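These are the residues of each chain, in order.
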Amino acid sequence: MSIHNKTIAQLSKGLNSGEFSSVELTQHYLDRINSSQLNAFITVTDELAMEQARSADDKIAKGNANILTGIPYAHKDIFCTNGIKTSAGSKMLDNFISPYDATVSHKLNQAELVMLGKANMDEFAMGSSNENSYYGDVKNPWNINKIPGGSSGGSAAAVAGRLAPFATGTDTGGSIRQPSSLCGITGLKPTYGRISRYGMIAYASSLDQAGPMTQTAEDAALVLNVMAGFDEKDSTSAERDVEDYTASLNDSIKGLTIGLPKEFFSEGLDDEVASQVMAAVKEFESMGASVKEVSLPNSAYAIPTYYIVAPCECSSNLSRLDGVRYGYRCDDPKDLEDLYLRSRSEGFGEEVKRRIMIGAYALSAGYYDAYYLKAQKTRHLISEDFKKAFKDVDVIMGPVSPTTAFDLGSVKDPVSMYLADIYTLSANLAGLPGMSIPAGFAQNLPVGLQLIGNYWSESKLLNIAHQFQMQTNWHTKVPQGSE
Amino acid sequence: MSLSEEQVGQIAYLARLSLSDEELQSNTKDLNSILSLAEQLAEIKTDDITPMAHPLHMTQRLREDKVTEKDQSESFQAIAPKTGKRHYLVPTVIE
């Protein structure tokens, strides 16, 4: 097996047994990144990576290593990294060298991981196709004419294209799960508040949540062990101990009750995607799980709810980007207003401007009740639907995305793009954990199965996903050209 | 209800964005289609529903009021477009 097809768990064994060094491993990935056509990275931090790899090898030689010491990864360019450009995929932050580390960056450094570079993404995490990056489209490793999904498209393409054994991602409305599904990898969005948001450039603060993107559920558990935890620097961080997420991976799932929301299998879902998802559910039944139909009656309203709540929060969050303290400033401003107007208009891309304007309008006097408040109420109803469903079932399953990856450049109308987020948005609105795991292929492209769990059920989700991956080999498939 | 180009121009200005004539036209079309999507929300009865501002219904933590961060103005200002005498500089506001 090529070294780059190994999982984190396998690489860790290889490093600790002296089969290969972190320097060799890191160089191998850097070579692959430099000859890749996927545009998965905005910045490749080769010098830093080699330095971190040497220090990791030192630790391993001295017997002071932890399980992740010397494992390389791709870091979504939304996480601040001290002394390294952190662009969030935007021209606005093209010149932003972060003066501090995000908590997630800090934790990964503490765990002695090796950062290969900063992964490409939709500008400020706004997008479902990675076509909104200032640094160009990311290509799907399974077919370079297709989108990789978004907003963590660079992260997903890097893992699927075997340019990194894992990547960090963030998920505000599906941005970990949807690209994971479209690129055929494993992605976990934990419960809101599980991983610190400190230094993770804010899009919609009540929805944003970071998570791991990996080949396997076992790897996701290993990485989540490091990423998770309370952080006093994040005002909405959960004061809750971190479990060992690997501890229950091997538990039996006999007797598991799976809920299938009928709303997730209605009009708009591609037939082949539906049959792959149902085949995966059948597999679970053969493993001793039972299936029950559930209803999430308000889930259809997740799209309008999200596309009011998220833009409102984004219009507020992005108001700080004004060309004064950091980031892009226009040339020769004639006065302060001109400075604000031109810096923001020249610095932000189209989709970001659209969402800022929607938010500014929905929050303005006279419209606040009709839009923002109404959406916050609907959000409550959406979360109540889940509460009801979880009285009867242990986990909810369904598709991640209504279709497989579509052609780059083929969806031009913003509302059509938003509709593709139908199955992922509700988990963010409710704050619930969700996963995408590889579950087959349709039209020669990967199909993901979505798992949605109750609050703080990350261990359970990882257990369910791991048991599935012990029975199936979808997660081991590698795109042609990336073997 | 739909927004006119004039209203979209006003919204853009509120958000400190300026749009070219062409952008104004395309944004008016896009914003109107997004708002008509949002109008689906009117179908739902929400009279007695409390708005949900936070997924975990948490209350904000309090902490002791003491200084925890050291002065980092130098490193923060090193990345600013224009500074002078420890201030951020912008075009003259008052002559």
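Residues numbered from 1 in each chain as written. Chains lettered and ligands numbered in written order. Predicted model: local features only at pLDDT ≥ 70, side-chain atom pairs only at ≥ 80, totals over all residues.

What follows deals with the overall build of chain B. When helices and strands are tallied, chain B shows three helices and two strands. Beginning at the N terminus, the succession of helices and strands in chain B can be written as α-α-α-β-β. Computed over the C-alpha atoms, the radius of gyration of chain B is 22 Å, more than 25% above the 12 Å expected from 2.2 N^0.38 for a compact globule of 95 residues. The dimensions of chain B, computed from C-alpha atoms along their principal axes, are 55 × 45 × 25 Å. Taken across its 95 residues, chain B has 17% of its residues classed as buried. (Helix = DSSP H or I, 4+ residues; strand = E, 2+ residues; numbered from the N terminus. Rg over C-alpha atoms; globule rule 2.2 N^0.38 Å. Buried ≥ 20, exposed ≤ 12 C-beta atoms within 10 Å, placed from the backbone.)

Right, let's get into the overall build of chain A. Within chain A, the secondary structure is distributed over 15 helices and 11 strands. Computed over its C-alpha atoms, the radius of gyration of chain A comes to 21 Å, within 12% of the 23 Å expected for a compact globule of 483 residues. C-alpha atoms of chain A, sized along the principal axes, occupy 65 × 55 × 45 Å. Within the span of chain A, comprising 483 residues, buried residues form 62% of the whole.

Turning next to the pairing of strand β4 (residues 166–170) of chain A. Residue and element names in this part refer to chain A. Where burial is concerned, most of β4 is hidden: five out of the five residues are buried. Of the two faces of β4, the one carrying Phe 166, Thr 168 and Thr 170 and the one carrying Ala 167 and Gly 169 are both buried. The pairing of β4 with strand β6 (residues 210–214) spans five bridges and is antiparallel. Residue pairing for β6: Gly 169 is matched across the bridge by Gly 211. (Pairing = 2+ DSSP bridges.)

Right, let's talk about the confidence of the model for chain B for a bit. Residue and element names in this part refer to chain B. Of all residues in chain B, 99% attain a pLDDT of 70 or more, and the chain-wide mean is 92. Mean pLDDT across the secondary structure elements of chain B bottoms out at helix α3 (residues 73–77), with 93, and peaks at helix α1 (residues 5–14), with 97. This prediction of the complex comes with two scores: 0.97 for pTM and 0.96 for ipTM. (pLDDT = per-residue confidence, 0-100.)

Moving on to the environment of Asp322(A). Among the structural elements, Asp322(A) can be located in the loop between α9 (302–317) and α10 (336–347). Between the C-alpha atom of Asp322(A) and that of Tyr306(A), which follows or precedes it by 16 residues, the distance is 25 Å.

Right, let's talk about helix α3 (residues 46–61) of chain A for a bit. All names here are of chain A. With 16 residues, α3 extends 22 Å from end C-alpha to end C-alpha; this agrees with the ideal 22 Å at 1.5 Å per step. Within α3 the residues assigned to the buried category are Ala 49, Gln 52, Ala 53, Ala 56, Asp 57 and Ile 60. When α3 is viewed along its axis, its buried side chains cluster within an angular range of 145° and face the same direction. Across from the buried face of α3, at angles greater than 90 degrees, the exposed residues are Glu 47 and Ala 61. Tucked inside the fold, the buried residues of α3 contact α1 (8–16), α2 (22–34), β2 (72–76) and β3 (114–119). Once α3 finishes, Gly 63 follows within two positions and takes phi at roughly 75°, a positive value. (Expected span 1.5 Å × (residues − 1). Arc of directions from axis to C-beta. Contact = placed C-beta atoms within 7 Å.)

This part is about the interface of chain B and chain A. Contacts between the two partners involve 39 residues from chain B, matched on the other side by 54 residues from chain A. When residues of the side of chain B that touches chain A are traced back to their parent elements, those giving at least two are α1, α2 (21–38) and α3 of chain B. The element best represented in the side of chain B that touches chain A is α2(B), accounting for seven residues. For the side of chain B that touches chain A, the class distribution of residues is 26 nonpolar, 10 polar and three charged. (Nonpolar A, V, L, I, M, F, W, Y, C, P; charged D, E, K, R; others polar.)

Moving on to the pairing of strand β5 (residues 186–189) of chain A. All names here are of chain A. What you see with β5 is no split at all: Thr 186 and Leu 188 on one side and Gly 187 and Lys 189 on the other are buried throughout. Pairing geometry for β5 and β6, over two bridges, is antiparallel. Looking at the pairing, Thr 186 lines up with Thr 214 of β6. Relative to strand β10 (residues 434–442), β5 is paired through three bridges, and the arrangement is antiparallel. The partner of Leu 188 across the bridge, within β10, is Met 435.

On to the nonpolar core. Across soluble globular proteins, nonpolar side chains have a tendency to be buried as a group. All names here are of chain A. Counting residues in hydrophobic clusters, the biggest one holds 157 residues, and the most contacted among them are Leu 116, Ala 164, Met 357, Val 395 and Leu 451. Of the residues forming this core, the biggest block, nine residues, is contributed by α9. Those residues in contact with Val 395, other than ones at most four positions away along the chain, are Leu 256, Ile 258, Gly 259, Leu 451, Ile 452, Gly 453, Lys 460, Leu 461 and Ile 464. (Core = buried A, V, L, I, M, F, W, Y, C linked by C-beta atoms within 7 Å.)

A few words now on helix α4 (residues 103–110) of chain A. Residue and element names in this part refer to chain A. Those residues of α4 not exposed but buried are Thr 103, Val 104, Ser 105, His 106 and Leu 108. Those residues of α4 that are buried lie in contact with β2, β4, β6 and α7 (217–227). One or two residues past the end of α4 sits Glu 112, with phi positive at roughly 65°.

Moving on, we come to the environment of Ser383(A). Position of Ser383(A) among the secondary structure elements: in helix α12 (residues 369–389). With 19 C-beta atoms packed within 10 Å, Ser383(A) lands in the partly exposed category. Along the chain, Ser383(A) and Asn428(A) lie 45 residues apart, while their C-alpha atoms are 9.5 Å from each other. Apart from the residues within four sequence positions on either side, Ser383(A) is in contact with Leu429(A), Ala430(A) and Met52(B).

Where helix α11 (residues 350–362) of chain A contacts α2(B), the two axes come as close as 11 Å, and the packing angle between them is 55°. Viewed along their axes, α11(A) and α2(B) adopt a mutual orientation that is oblique. Note that α11(A) runs across α2(B); the crossing there is right-handed. For the pair α11(A) and α2(B), the contacting residues are Arg354(A), Met357(A) and Ile358(A) in the first and Asn27(B), Asp30(B), Leu31(B) and Ile34(B) in the second. Counted by class, the contact of α11(A) with α2(B) contains four nonpolar, one polar and two charged residues. (Axes fitted to C-alpha atoms, helices over the stretch in contact; angles between N-to-C directions. Parallel < 35°, antiparallel > 145°, perpendicular 65-115°, else oblique. Left-handed = near helix turned anticlockwise from the far one by under 90°.)

What follows concerns unusual backbone geometry. In this structure, the amide linkage connecting Gly150(A) to the following residue, Ser151(A), adopts the cis form with an omega of 5°. A positive phi angle, close to 60°, is found at Asn444(A), a residue other than glycine. Examined against the element boundaries, Asn444(A) turns out to sit in the loop between β10 and β11 (445–453). Since 10 C-beta atoms lie within 10 Å of it, Asn444(A) is described here as exposed. At Arg86(B), a residue that is not glycine, the phi angle is positive and equals roughly 65°. Position of Arg86(B) among the secondary structure elements: in the loop between β1 (83–84) and β2 (87–88).

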